[in-house]
Amino acid sequence: SVDLPFSTAYARFHRNFLTGTIPTEIGNLNPREFWMHRMPLEGPIPSEMGLMDNLVDIRLHSTSISGTIPEEIYGLSNLYRLDLFNSKVSGTISTSIGRLQELQILRLRNANMSGTIPTELALLPELTTVWLDGNDFEGILSTEICALEEMEEIVADCLP
């Protein structure tokens, strides 16, 4: 385990050449922001990230991160930004996303996501930006999601 004698407010490792996977010990940090985008990372998002209860901003876009979004991520009550676009994240968006009451930005463009878009997105009063295009989602986007008061931008595939 990693025991740090200080509080880590920002874990910003983006735009460098670190390779490999995100270690599970990352759960021992408790930053507000976790940025590891535009890097040659691979492997799953560690479920231990769900232990980072101060986390408000996750940016893992433009990587080869794969696997599903761990259910523990949906328990991060302060999370306002989740960027996983241009990654290899797969699976579905859990209905537990409705628990992320502070979520403002959800960007999943060009990942390997599938399934239906959960109507629970409409339970997120702060949601302003949603990118879902370039995935294999089925069905239609709920009109309740489109009608959210704070919504500014929705990008989704509109193919029959």
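Up top is the structure.
Residues numbered from 1 in each chain as written. Predicted model: local features only at pLDDT ≥ 70, side-chain atom pairs only at ≥ 80, totals over all residues. Heavy atoms only, no water.

Peer 1: Got a sec to walk through the overall build of the protein? Specific residues and values, please.
Peer 2: Helix and strand counts for the protein stand at 1 helix and 12 strands. Taking the intrachain contacts of the protein between residues at least 6 apart in sequence as the baseline, contacts between residues at least 24 apart amount to 41%. Accessible surface, the protein: about 8100 Å² in total, of which carbon and sulfur atoms supply 48%. (Helix = DSSP H or I, 4+ residues; strand = E, 2+ residues; numbered from the N terminus. Contact = heavy atoms within 4.5 Å. Areas by Shrake-Rupley, 256 points an atom, 1.4 Å probe, with all protein chains shown as cover.)

Peer 1: Before we move on, could you go through the packing of aromatic side chains and cite the residues and values that matter?
Peer 2: Tallying each qualifying case throughout the model produces 1 aromatic pair. The residue whose ring lies beneath Arg107 is Trp131, and the NZ or CZ to ring-centre distance is 4.3 Å. Its guanidinium or amino end placed over the ring of Trp131, Arg109 lies 4.1 Å from that ring's centre, counting from NZ or CZ. (Phe/Tyr/Trp six-rings, centres within 6.5 Å; stacked < 30°, edge-to-face > 60°. Lys NZ or Arg CZ within 6 Å of the ring centre and 35° of its normal.)

Peer 1: How would you summarise the nonpolar core if you had to cite specific residues and measurements?
Peer 2: The biggest cluster of nonpolar side chains holds 40 residues, and the ones touching the most others in it are Phe34, Met49, Ile58, Leu60, Ile97, Leu103 and Leu127. In this structure, Ile97 is in contact with Tyr74, Leu103, Leu106, Pro118, Glu120, Leu121 and Leu124, ignoring residues within four places of it in sequence. (Core = buried A, V, L, I, M, F, W, Y, C linked by side-chain atoms within 4.5 Å. Buried < 20%, exposed > 50% of the residue type's maximum accessible area, 1.4 Å probe, protein only.)

Peer 1: Quick rundown of unusual backbone geometry? Include the residues and the values.
Peer 2: Within the chain, Ser62 stands out as a residue other than glycine whose phi angle is a positive 60 degrees. With respect to the helices, strands and loops of the structure, Ser62 is situated in the loop between β4 (57–59) and β5 (64–67). The class for Ser62 is partly exposed, based on a relative accessible area of 25%. Phi at Asn86 takes a positive value of approximately 55 degrees, unusual for a residue other than glycine.

Peer 1: Help me get a handle on a negative patch on the surface, residues and values and all.
Peer 2: Among the surface-exposed residues, Glu102, Glu126, Glu149, Glu150, Glu152 and Glu153 lie close enough to one another that they form a single negatively charged patch. Within the secondary structure, Glu102 is located in the loop between β7 (88–91) and β8 (105–107). A relative accessible area of 38% means that Glu102 is categorised as partly exposed. (Patch = residues over 30% accessible without salt bridge, like charges linked within 9 Å, V, L, I, M, F, W, Y side chains within 5 Å. Salt bridge = Lys/Arg side-chain N within 4 Å of Asp/Glu carboxyl O. Lys, Arg positive; Asp, Glu negative; His and termini not counted. Charge placed at Lys NZ, Arg CZ, Asp CG, Glu CD.)

Peer 1: Summarise the side chain of Asp83; cite the residues concerned and give the values.
Peer 2: Inspection of the secondary structure assignment puts Asp83 in strand β6 (residues 81–83). Looking at Asp83, the relative accessible area reads 0%, which means it is buried. Ignoring any residue separated from it by four or fewer positions in sequence, one finds Asp83 in contact with Ile58, Arg59, Leu60, His61, Ile105 and Arg107.

Peer 1: Report on the pairing of β5, specifying residues and quantitative values.
Peer 2: Bridge analysis of strand β3 (residues 42–44) against β5 gives 3 bridges, and the strand direction is parallel. Bridge pairing links Pro44 to Ser66 in β5. Pairing geometry for β5 and β7, over 2 bridges, is parallel. When the bridges of β7 are listed, Ser66 appears paired with Lys88. (Pairing = 2+ DSSP bridges.)

Peer 1: Residues and numbers for the environment of Met52, please.
Peer 2: Among the structural elements, Met52 can be located in the loop between β3 and β4. It is 7.6 Å that separates the C-alpha atoms of Met52 and Asn28, two residues lying 24 residues apart in sequence. If sequence neighbours within four positions are ignored, Met52 has contacts with Ile26, Gly27, Leu29, Asn30, Pro31, Phe34 and Leu76.

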